[in-house]
Amino acid sequence: MADSTFKVTIITPDGTVYENKDATMLVMDTRGGQMGIMANHVPLVAALQISALRVKHNSAKDDVIAVNGGFMEFNDNTATVVADSAELPTTIDVARAEKAKERSEKWVEEAKQKHSKNELARAEVHLRRAINRLNVSQMR
């Protein structure tokens, strides 16, 4: 069974957020679309979207982590995710995420009224991050 598993590590500037040595599949949203990685996959590097990253393993329930961009490198049966931020469902402050979502929605509306493309793009990124955190928080 050991040859069908691999290691997954998620690192942020604050340190290691997640580590699993018995992953059977890693599912993530990349800039090129959704991708799944299994043991013995060819080496690759992929840019990640703001999304939930799913780690499948032999336990009954998958691990889900809110990842805010970054990249994933797979080599020698090790997947390393380097992200600006990443949170497990149990560590997400739901009230804070809801407030961030509300602020971002207001910011999006203001940017639309001003016809400011740059401001709108920034506001939409903040909104996607807040929604991602809220979605992952429900997967406790």
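Cut-offs used in this document
- Residues numbered from 1 in each chain as written.
- Predicted model: local features only at pLDDT ≥ 70, side-chain atom pairs only at ≥ 80, totals over all residues.
- Heavy atoms only, no water.
- Phe/Tyr/Trp six-rings, centres within 6.5 Å; stacked < 30°, edge-to-face > 60°.
- Helix = DSSP H or I, 4+ residues; strand = E, 2+ residues; numbered from the N terminus.
- Buried < 20%, exposed > 50% of the residue type's maximum accessible area, 1.4 Å probe, protein only.
- Salt bridge = Lys/Arg side-chain N within 4 Å of Asp/Glu carboxyl O.
- Pairing = 2+ DSSP bridges.
- Contact = heavy atoms within 4.5 Å.
- UniProt positions renumbered as here; feature names shortened; annotations may be inferred.

Considerations on the packing of aromatic side chains
- For the coordinates displayed, the defined rule picks out one aromatic pair.
- Each ring, one from Phe 6 and one from Phe 74, has its centre 5.5 Å from the other, and the planes form 80 degrees; the classification is edge-to-face. Linking Phe 6 in strand β1 (residues 6-12) with Phe 74 in strand β7 (residues 71-75), this pair joins segments that are 68 residues apart in sequence. Taken individually, Phe 6 and Phe 74 each receive the classification buried, so the pair is uniform in this respect.

Re the pattern of salt bridges
- Here the structure, examined in full by the defined rule, presents six salt bridges.
- The shortest N-O distance in the salt bridge between Glu 119 and Lys 114 comes to 3.5 Å.
- Classification of Glu 119 by relative accessible area gives buried; the value is 15%.
- The class for Lys 114 is exposed, based on a relative accessible area of 53%.

Describing the pairing of β7
- Burial of β7 is one-sided: the residues Met 72 and Phe 74 facing one way are buried, the residues Phe 71, Glu 73 and Asn 75 facing the other way are not.
- With five bridges joining them, β7 and strand β8 (residues 78-82) adopt antiparallel strand pairing. From the neighbouring strand, Met 72 faces β8, where its bridge partner is Val 81.
- What sits between the antiparallel neighbours β7 and β8 is a turn of two residues, in which Asp 76 has the positive phi angle 50 degrees.

Focus on the side chain of Glu 119
- Note on placement: Glu 119 falls in helix α2 (residues 117-137).
- Among residues more than four places away in sequence, those in contact with Glu 119 are Trp 107, Ala 111 and Lys 114.

Examining the UniProt feature "domain: ATP synthase epsilon subunit C-terminal" (unreviewed entry) in the chain
- Under the present numbering, the feature "domain: ATP synthase epsilon subunit C-terminal" (unreviewed entry) in UniProt falls on residues 92-138.
- When the span residues 92-138 is considered, its composition is 89% helix and 0% strand, and the gap between its end C-alpha atoms is 10 Å.

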